[in-house]
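Given next are the chains, with one letter for each unit.
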Amino acid sequence: MFVRNFASSPRVLTAFRSTNSVLSTKLIVPCVQQTKVSHLCQTAGELSEPQVILEKLENENSGIYVLSLNRPKANALGKQLIHELISTLREVQFDQEARVLIFASKVEGMFCAGADLKERASMSKKEVQEFVFTLRSTFSSIQNLPVPTIAAIDGFALGGGAEIALACDMRVGGKNTVFGLPETSLAIIPGAGGTQRLPRIIGAAKAKELIFTCDRLDGAESHRIGLLNSFSTTQSPLDLAISLAKKIKDKGPIALRAAKIAIDVGMEMDISSGMKLEESCYQQVISTKDRLEGLAAFKEKRKPVYKGE
């Protein structure tokens, strides 16, 4: 399990010294590499279909990765899916070619329905606590990935599925998008970041309303209140996500990482401390080869080629 925490400036600076990481995606285009996380069936020990698939787009989409949930019917968050998700996130974390990571689904009409309630019902109190802790840590690792992340919400994103989307940097949706946090109707609360990330995105009052009432939002309303960055009734959420990722992927990867840290960590600080954090992050990009390449490309009137150096 990996969870990066940028709670203080020394840790922020350390993040820049670590191995650079970047990401890619998939569209309906040729030349797509797929990485499937093999695993053993929980019952018989036989190999089953992967529940998480990582696709690396190529050619003009090189650097964009698509991580798709692939558990039949609902992408319910069970132990095996989370195990595969953790493994895949670790792979992306240290991938030198990754520039943007898109979260999507292979299950029609379903981004992720949340917890596997049948599996949850068979757990002891201790097992539930451990599993929710793992969910919380895993979703935090999504938030702390060094590359920009986009949730392509095509269908239902409920409970833990909504919390995956909230852990991403950006979210896009379409005509089939449905977002909701139904936990209080089950006499629990969102336990994997929902109570913390949702109010930071749409404001405390609206977040309380959605969590207290368990109301579900369609794509248009989600976009209106700022939960979705983009919304379309004609384009699929995955196409929207790829279009957004293409605008991002060729920017300086170290600069993107620095900007992400400055925003995410700075939002938890007073503005004076945030300004100091911004200064520290800016210092980290001054000495990069990418910065010199950007200046040279501007002078020579060409497109820069950044290498994350």
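Here, every reference points to the structure presented above.
Residues numbered from 1 in each chain as written. Predicted model: local features only at pLDDT ≥ 70, side-chain atom pairs only at ≥ 80, totals over all residues. Heavy atoms only, no water.

Now for the environment of alanine 259. By the element assignment, alanine 259 lies in helix H10 (residues 253-266). Sequence separation between alanine 259 and tyrosine 282 is 23 residues, and the spatial gap between their C-alpha atoms is 8.6 Å. (Helix = DSSP H or I, 4+ residues; strand = E, 2+ residues; numbered from the N terminus.)

Let us now look at the pattern of salt bridges. Applying the stated criterion to the full structure yields 14 salt bridges. Taking the shortest distance from any N to any O, the salt bridge between arginine 224 and glutamate 221 comes out at 2.8 Å. With a gap of three residues between them, arginine 224 and glutamate 221 both fall in helix H8 (residues 219-224), about one helical turn apart. Classification of arginine 224 as exposed rests on a relative accessible area of 61%. Since its relative accessible area comes to 23%, glutamate 221 is described here as partly exposed. Residues lysine 249 and aspartate 250 are paired through a salt bridge, measuring 3.1 Å at the closest nitrogen-oxygen approach. Looking at lysine 249, the relative accessible area reads 9%, which means it is buried. Overall, the relative accessible area of 32% leaves aspartate 250 in the partly exposed class. It is possible to trace a salt-bridge network through shared partners that takes in Lys56, Glu91 and Asp95. (Salt bridge = Lys/Arg side-chain N within 4 Å of Asp/Glu carboxyl O. Buried < 20%, exposed > 50% of the residue type's maximum accessible area, 1.4 Å probe, protein only.)

Turning our eyes to something else, we now look at the environment of leucine 101. Locating leucine 101 in the fold gives a position in strand S4 (residues 100-105). Classification of leucine 101 as buried rests on a relative accessible area of 0%. For the pair leucine 101 and proline 148, spaced 47 residues apart in sequence, the C-alpha to C-alpha distance is 6.4 Å.

With that settled, consider the nonpolar core. Core analysis: the biggest nonpolar cluster contains 33 residues, and Leu67, Leu101, Phe103, Phe111 and Phe139 have the highest contact counts within it. The greatest single-element share of this core, amounting to six residues, is contributed by helix H2 (residues 79-93). For phenylalanine 139, the residues in contact, after removing those within four places along its chain, are Leu77, Leu85, Gly160, Glu163, Ile164, Ala167, Ala192 and Arg197. One finds Ala104, Ile150, Leu240 and Ile248 within the second-largest nonpolar core, a separate group that totals 16 residues. (Core = buried A, V, L, I, M, F, W, Y, C linked by side-chain atoms within 4.5 Å. Contact = heavy atoms within 4.5 Å.)

Here we come to the packing of helix H6 (residues 194-202) against helix H7 (residues 204-213). At a closest axis distance of 7 Å, the pairing of H6 and H7 adopts a crossing angle of 135 degrees. The angle between H6 and H7 places the two elements in the oblique class. Crossing handedness for the pair H6 and H7: right-handed. Taking contact as the criterion, the partners of Gly194, Thr195, Leu198, Pro199 and Ile202 in H6 are, on H7, Ala204, Lys206, Ala207, Leu210 and Ile211. Its residues assigned to classes, the contact of H6 with H7 shows seven nonpolar, two polar and one charged. (Axes fitted to C-alpha atoms, helices over the stretch in contact; angles between N-to-C directions. Parallel < 35°, antiparallel > 145°, perpendicular 65-115°, else oblique. Left-handed = near helix turned anticlockwise from the far one by under 90°. Nonpolar A, V, L, I, M, F, W, Y, C, P; charged D, E, K, R; others polar.)

With that out of the way, let us pick up the layout of surface pockets. When its volume is computed, the second largest pocket comes out at roughly 480 Å³. Considering the residues around the second largest pocket, the lining is formed by 23 residues, among which Ala115, Leu117, Glu183, Leu186 and Ile188 are closest to the centre. Of all the secondary-structure elements, those providing two or more residues to the lining of the second largest pocket are helix H3 (117-121), helix H4 (125-143) and helix H5 (160-167). Among the elements that line the lining of the second largest pocket, the one with the most residues is H4, at four residues. Its residues assigned to classes, the lining of the second largest pocket comprises 14 nonpolar, four polar and five charged. (1 Å grid on protein atoms, 1.4 Å probe; cavity = no way out; pocket = protein on both sides within 12 Å on 5 of 7 lines; lining within 4 Å. Points joined across faces, edges and corners; volume = space filled by probe spheres on them.)

Before going further, it helps to spend a moment on the pairing of strand S8 (residues 170-174). Regular strands have side chains that alternate between both faces of the sheet. The buried fraction of S8 amounts to five of the five residues, a majority that puts the element mostly inside the structure. On S8, burial covers both faces: Met170, Val172 and Gly174 on one face and Arg171 and Gly173 on the other are all buried. Judged from the four bridges that link them, strand S6 (residues 149-153) and S8 form a sheet pairing that is parallel. Residue pairing across strands places alanine 152 opposite valine 172, the latter belonging to S8. (Pairing = 2+ DSSP bridges.)

Here the focus is the pairing of strand S3 (residues 64-69). Across the six residues of S3, six count as buried, placing the element largely inside the fold. Across six bridges, S3 lies against S4 in parallel orientation. Bridge pairing links tyrosine 65 to leucine 101 in S4. Since S3 and S4 lie parallel, the crossover through H2 that links them has a hand, and here it is right-handed. (Right-handed = clockwise from strand over helix to strand, strands pointing away.)

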